[in-house]
Amino acid sequence: MHKKFDHLAIEKKWQKSWKDANLYAVGKRDLQKEKRYLLVELPYPSGDLHIGHWYAFGVPDILVRHERMQGKQVLYPLGFDAFGMPAENAAIKRGLNPKEWTYKNMDTMRAQLDQMGNAFSTDMTVSTTDPEYFKWTQWMFGEFFKKGIAYRGEGIVNWCPHDHTILANEQVLSDDTCERCGTKVEKRTMASWKLAITKYADRLIDDLDTVQWPSYIKELQRNWIGRSKGAEIPFTLSNGDKVTIFTTRPDTLYGVSFLVLAPEHPLLKTLPVENTEEVQKYVDEATQKDEVDRLNATKEKTGVKLEGVSAIHPLTGESVSVFVADYVLGNYGTGAVMGVPAHDERDNAFAKKYALAITPVISPITGVPQENPEHRKSIVAIVYNPRTDTYMTINWKEQQQTLFIGGGIEEGEDVIAAAIREIQEETQCTNVVYKAQTMPIHHHYFAHAKNVAREIDAVGLLFELADDEETATQLDGAEEGKFEAVWKDAKTIEREVIDELHRTVWEMLVDGKVHSGAGTLINSGEHTGLSSEDAKAAITQATGGKETSTYRLRDWSIGRQRYWGVPVPIVYSPEGEAHPVPLEHLPWTLPTDVDFRPTGEAPLAKSQELRDRVTNIFGEGWTPEVETMDTFVDSSWYFLRYFDAQNGGAPSSLAAQKDWMPVDLYMGGSEHTTLHLLYSRFWQKVLFDMGLATENEPYTKRINRGLILGPDGQKMSKSKGNVVNPDEHVERVGADTVKMYLAFMGNYGEAANYPFDLGGIAGIRRFLERVNGIREHVKEEESKDMTRLLHKTIAKVSTDILELKFNTAISALMIFVNAAEKEGLAQESYETFLKLMAPFAPHLTEELWHELDKTDFIHEQSFPTFDASLAKDDVVTIGVQVAGKRRGDITIAPDTTQEEALTAALTNPEIAKYIEGAPKKVIYVAGRILNIIP
Ligand SMILES: [Zn+2]
């Protein structure tokens, strides 16, 4: 029955009690207990706790409490990532100092977090704006500088004209807009501070194999880093200049018919081309286009031939045309590529447009290798009838296979003659016109008609029926009527021809597909006959090139021309040389005499206080660096500081890291997959290499949680008026209800989005009122069914919590409450149920626990364990299908035999009416399903 409760009084009371008892302080590492480091991404102090924060911190609290009740020592800390542009922009708007604004927000949010009633590790927190924190951010930066990981370099950067600062590549969205403000990002060439994340590109990819993350998150990081293995190959140009191209397919080198330089390629400025004006115009236009546009596969490729300049093929010595084309990016590989039109769709389209040679150099390999094959040369012939728009196929009756015309080449016969002979033999057509042929295709198969394994070199040929040829429709072939020749349209052929060789021939000759896969080298001089794999190394070596990889990832641009961040701790000597600020002068604090409104010039450049500080410490002529660091630097190592936040001698001691690292489960937003999640892995690896971290990878498991949408199913935004304010709901129905409602929305481990539903939250509140009323159903003795249900519920809730399926765990608890209200339950079961509920509704269960005159906290109890024998069913209800359609249920013992189950099914007239006589077949899975085929 429903029993109302005063959530405000209850929640306030227990929050205070827990705090007074210091219940959630973690204290020193207790080696008697297993450790669990459960981490949530630390929030940005934007002003108010929103519903997303509740989802991010409130729901995992269920897991935290469950693990604590299982006797583990759980670290569940929370801090603030408090530097950065949003606070700075908000402060400017209000005419405040960003520091003032940020610290006020943190106070507000701390009070709101208290209302959540979470089991946060109260003794472990950080704020990235705390000087004792950023002192170590700066110290590590200085160490990175000494190792060449941090450097100041000139290059093309992303510039947000609205925020007046550089952005990292990761902060620019796919449509070339700023992730913070949505403004179109500009490209500028300027110097700024960077971190050499590209040095770690291979490890950032390869070490993903060592962590237990969902594969889609790993794939997103791999794609972002974008490694292509390949080779750099040197070409000499006709004027003597050298150009090095990057290719992932050095095995196709003999098929090169042109080179392409990116519009950004430096050689374009100096090469003695004859059509300078045309080239310059093209380059100017191309560099203004964005990458997405340039790489758009569906757009026609454009380019300009460099007149008067050619390249010399490094192996054949032949002359090769050189183009500039915008589909090659300046930062891909070496900014120059080779065009192999026979084996690349894009190069093929380009070659056709500019009438360049198309030379096949890779022969495809199809089929599955057989034992003891017979070797021979063969043809596959496709004959096209233009009058009916159909193609000749051979239907093999016994094999039920549709092929084109095929056969062997006889001694001394050329391929076209062989094909014409086969066409005549199999179809009696004689008057055909040769159109085209493929390169040889290496094919393995078993010839059923001849009962022999074969390994063949086949050439595909296309013919057209001549005008005056009779087209007999059903020509019966030879070989005792084993096959017939049939004209079929392209659609039918696409569906029916599945043989790999014949399909490949069709795709090449009719669809015009290029063979872009591996194979055996042909037309490749001394390298002819090698496999693609072997040829890659051999050809690279023969040209004097080198095997290498290229990456999409760029070095991480961290310098910001803004105020509210960690100052880059660098000073310049009178000679202009950069020196890290020594540890004794850290933290290197922000000056206060600054107009921090953004103008494009770094605010710190205008600070007299900073200049004076540098002169006083380092001497006359020394000057400060004026860039501040992006906030993603601050959050790259915070998880190492939580458990050693008081350490005055190091960012995080190795001993403390041994106690707590790695993070066992990291829960965060999907928007950080290729930002924070990548940056922090990189930072960790640098620390690991420097002996400052114990782990090579920081996070064992990771989940990206979903997003809570507005009640209208749209992303929440002030302008849409669909923002859900959690404080209102906490006031109205209580923190337990809000948290449990969010947990009930769906599987927490899946990044799905859920609309906030007011009806749903009311439903959870009513459920908690029923929980509050269960005590009135407690009786002396409970039924066996009730005991069984309790143990089943424990089993279900325990496994679901570990899999983050809080929603189905709550469903199981609801089923239990239904039964308890109907049938009543024993006192012991009631107490067990309260403990099961405790992680989900921590305040209410604590209250109910104490109503039983308990003196300790419910959250200090052990989580219930279940007895498998008690959880076992006496009977189960299983579905019965007749011919695959569900016709009814039967209720039987779980270990009933098939015969007994069938008998039970046949006694049910609703099922029996579909079955006449003895069934043909019965499929029975005990405890699951019975399927009868009548
Ligand atoms: Zn912006």
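What counts, and where the lines are drawn
- Residues numbered from 1 in each chain as written.
- Predicted model: local features only at pLDDT ≥ 70, side-chain atom pairs only at ≥ 80, totals over all residues.
- Heavy atoms only, no water.
- Helix = DSSP H or I, 4+ residues; strand = E, 2+ residues; numbered from the N terminus.
- Buried < 20%, exposed > 50% of the residue type's maximum accessible area, 1.4 Å probe, protein only.
- Contact = heavy atoms within 4.5 Å.
- Areas by Shrake-Rupley, 256 points an atom, 1.4 Å probe, with all protein chains shown as cover.
- Lys, Arg positive; Asp, Glu negative; His and termini not counted.
- Charge placed at Lys NZ, Arg CZ, Asp CG, Glu CD.
- UniProt positions renumbered as here; feature names shortened; annotations may be inferred.
- Phe/Tyr/Trp six-rings, centres within 6.5 Å; stacked < 30°, edge-to-face > 60°.
- Lys NZ or Arg CZ within 6 Å of the ring centre and 35° of its normal.
- Pairing = 2+ DSSP bridges.
- Axes fitted to C-alpha atoms, helices over the stretch in contact; angles between N-to-C directions.
- Salt bridge = Lys/Arg side-chain N within 4 Å of Asp/Glu carboxyl O.
- pLDDT = per-residue confidence, 0-100.

S.K.: Summarise the overall build of the chain; cite the residues concerned and give the values.
M.R.: Of the regular secondary structure elements, the chain holds 30 helices and 40 strands. For the chain, the spread of C-alpha atoms along the principal axes amounts to about 105 × 100 × 50 Å. Burial statistics for the chain: of 934 residues in total, 53% are counted as buried. For the chain, long-range pairs separated by at least 24 residues make up 74% of all intrachain contacts whose partners lie at least 6 apart in sequence. Accessible surface, the chain: about 41,200 Å² in total, of which carbon and sulfur atoms supply 49%. Across the chain, the centroid of the 103 positively charged side chains sits 5 Å from that of the 137 negatively charged ones.

S.K.: Let's hear about the UniProt feature "binding site: ATP" (unreviewed entry) in the chain: which residues, and what values?
M.R.: Mapped onto this numbering, the UniProt entry gives "binding site: ATP" (unreviewed entry) at K718. By secondary structure assignment, the location of K718 is in the loop between β33 (707-709) and α21 (726-733).

S.K.: Mind laying out the packing of aromatic side chains, listing which residues take part and the relevant values?
M.R.: Across all of its chains, the model carries 38 aromatic pairs by this definition. Between W396 and F483 the ring centres are 5.0 Å apart and the planes differ by 45°, which places this aromatic pair in the tilted class. A residue pair is termed long-range when its members are at least 10 positions apart, and W396 in strand β15 (residues 390-396) and F483 in strand β22 (residues 483-488) qualify at 87 residues. Exposure remark for W396: the relative accessible area of 15% places this residue in the buried category. With relative accessibility at 1%, the residue F483 sits in the buried group. Counting every residue linked through ring pairs, the aromatic cluster contains Y200, W556, F632, Y679 and F682. R887 extends its terminal NZ or CZ atom over the ring of Y914, reaching a point 3.8 Å from the ring centre.

S.K.: Tell me about the sheet that holds strand β25 (residues 556-557), residues and numbers included.
M.R.: Hydrogen bonds between backbone atoms are what pair the strands of a sheet, whose relative direction is either parallel or antiparallel. Spatially, the 4 strands line up as an open sheet ordered β4-β3-β5-β25, and their pairing is antiparallel. Two strands lie at the open edges of the sheet, namely β4 (165-167) and β25, each paired on one side alone. With 2 bridges joining them, strand β5 (residues 186-195) and β25 adopt antiparallel strand pairing. When the bridges of β25 are listed, L195 appears paired with W556. Lying over the sheet, helix α6 (residues 131-146) contacts β3 (150-160) and β5, oriented at roughly 95° with respect to β5.

S.K.: Please provide a residue-by-residue account of the pattern of salt bridges, values included.
M.R.: Taken as a whole and assessed by the stated rule, the structure comprises 49 salt bridges. The salt bridge involving E219 is made with R222; its shortest N-O contact spans 2.7 Å. Pair noted here: E219 and R222 are both in helix α8 (residues 215-225), with a separation of 3 residues, about one helical turn. For R222, a relative accessible area of 23% gives the class partly exposed. Here E697 and R681 are joined by a salt bridge, their closest N and O atoms 2.7 Å apart. On the criterion of sequence distance, the pair formed by E697 in the loop between α20 (676-689) and β32 (699-705) and R681 in helix α20 is long-range, its members being 16 residues apart. Judged by its relative accessible area of 7%, E697 falls in the buried class. In this structure, a network of salt bridges that share partners links the residues E410, E413, R421, E422 and E425.

S.K.: For the confidence of the model for the chain, give the residues involved together with the corresponding values.
M.R.: Detailed reading of predicted coordinates is not advised where the pLDDT is low. Looking at the chain as a whole, the pLDDT averages 92, with 98% of positions reaching at least 70. Across residues 473-478, where pLDDT falls below 50, the model places 15 contacts with residues more than four positions away in sequence or in other chains.

S.K.: Quick one: what's the story with the environment of L654, residue by residue and with numbers?
M.R.: The residue L654 is located in helix α19 (residues 654-660) in this model. Residues within four places of L654 in sequence aside, it is in contact with G691, L692, A693 and T694.

S.K.: Quick one: what's the story with the pairing of strand β37 (residues 876-882), residue by residue and with numbers?
M.R.: Consecutive residues of a regular strand have side chains that alternate between opposite faces of the sheet. Counting buried residues in β37 gives 5 out of 7 residues, a clear majority hidden from the surface. Relative to strand β38 (residues 885-892), β37 runs antiparallel, the two sharing 7 bridges. Bridge pairing links G879 to D889 in β38. Two successive antiparallel strands, β37 and β38, enclose a turn made up of 2 residues, where A883 displays a positive phi of approximately 50°.

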